[in-house]
Amino acid sequence: MPSWTLGDLMSMATARVGRRDDISASTVSFWVNEAYHEVATQAPHALLESTTRFSVGSGTSRLTLPGDFLETVSLSWDTNNADSNYTLVQAAPAWCDSQGYYPVGVPERYYQYNNVIQLWPSSDSYSDTTSGRSYLLRYRARPEDLTSTSSIPSLDTEWRRAVLYKAEAFLHEYVGNDIEAGVAHARYAGYVASLDNVHARRQRAGGMSASLPLRQSRY
């Protein structure tokens, strides 16, 4: 099975556009990374999932998102207390604004804007701890650029070929091969659709289903 390193992807993508010697290695690397980032946002990838924890004192309502944040998977309490083991529910910003964030209480909802997660209402703190409440954010991360030719994309193996197809399309566009670029984009779209279908079949076969929050807001 191919290792799909940056070097592999650069070599194969260049070969697929005719081994053109007028395309510099830095240009090929740029478009392979552009393809990598696009594929990474196409579907959830386990290798790009991450977690971070927040310690929140009384009166806190905003949590700063990690620099590599792409999208939220879940936000839940992470405090060792019997009444705190549940997932917060995503809310509409306008609703939270209309209700106000004080007095402090037990946060039940949240929303995201800019680089911040806003809790609703603003958090209180436990009477039996000085550190306040703790929250666990599970999120999908943006991939880091591949800089070494030995670097491997943080994607499931079958998705790494999609990076090749998309990089090929970008390189065809770069050198003005519009017809070939269109064919390559169509090849990429068809391959991604086949992967989506395989993923859906695996979910059905495995009986996978979405999990609900352990406690739902009453609003």
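Residues numbered from 1 in each chain as written. Predicted model: local features only at pLDDT ≥ 70, side-chain atom pairs only at ≥ 80, totals over all residues. Heavy atoms only, no water.

1. Quick notes on the nonpolar core
Just so we agree on the cut-off: What we call a nonpolar core is a set of buried Ala, Val, Leu, Ile, Met, Phe, Trp, Tyr and Cys residues that are connected through their side-chain atoms within 4.5 Å. We call a residue buried when its accessible area falls under 20% of the maximum for its residue type, exposed when it is over 50%, and partly exposed in between, using a 1.4 Å probe and counting protein chains only. Numbered from the N terminus, helices here are DSSP runs of H or I no shorter than four residues, and strands are runs of E no shorter than two. Whether two residues are in contact is decided by their heavy atoms: any pair within 4.5 Å suffices.
Counting residues in each nonpolar core, the largest one holds 30 residues, and the members touching the most others are V32, V39, L155, W159, A162 and V163. Looking at this core, the elements with two or more residues in it are helix 1 (6-16), helix 2 (25-40), helix 4 (157-174) and helix 5 (178-206). Here the element with the most residues in this core is helix 4; it accounts for eight residues. Among all residues touching W159, those that are not within four sequence positions of it are V39, Q42, A43, H45, V192, L195 and D196. Within the second largest apolar cluster, 16 residues are counted, among which are W77, Y86, L119 and Y135.

2. Points about the sheet that holds strand 5 (residues 109-113)
Threshold: Only strands that DSSP links by at least two bridges are regarded as paired with each other.
Pairing is mixed in the open sheet, where four strands are placed in the order 2-6-5-4. The open sheet has two edge strands, strand 2 (62-64) and strand 4 (89-90), and neither has a second partner. Two strands pair when backbone bridges link them, and strand 5 and strand 6 (residues 116-120) are joined in this way by five bridges, in the antiparallel orientation. Across the sheet, the residue bridging to R109 is W120, located in strand 6.

3. Remarks on the pairing of strand 6
Counting buried positions along strand 6 yields five of five residues, so the element is predominantly enclosed. By the alternation rule, side chains of strand 6 split into V116, Q118 and W120 and I117 and L119, which are all buried. With three bridges connecting them, strand 2 and strand 6 associate as antiparallel partners. The partner of L63 across the bridge, within strand 6, is I117.

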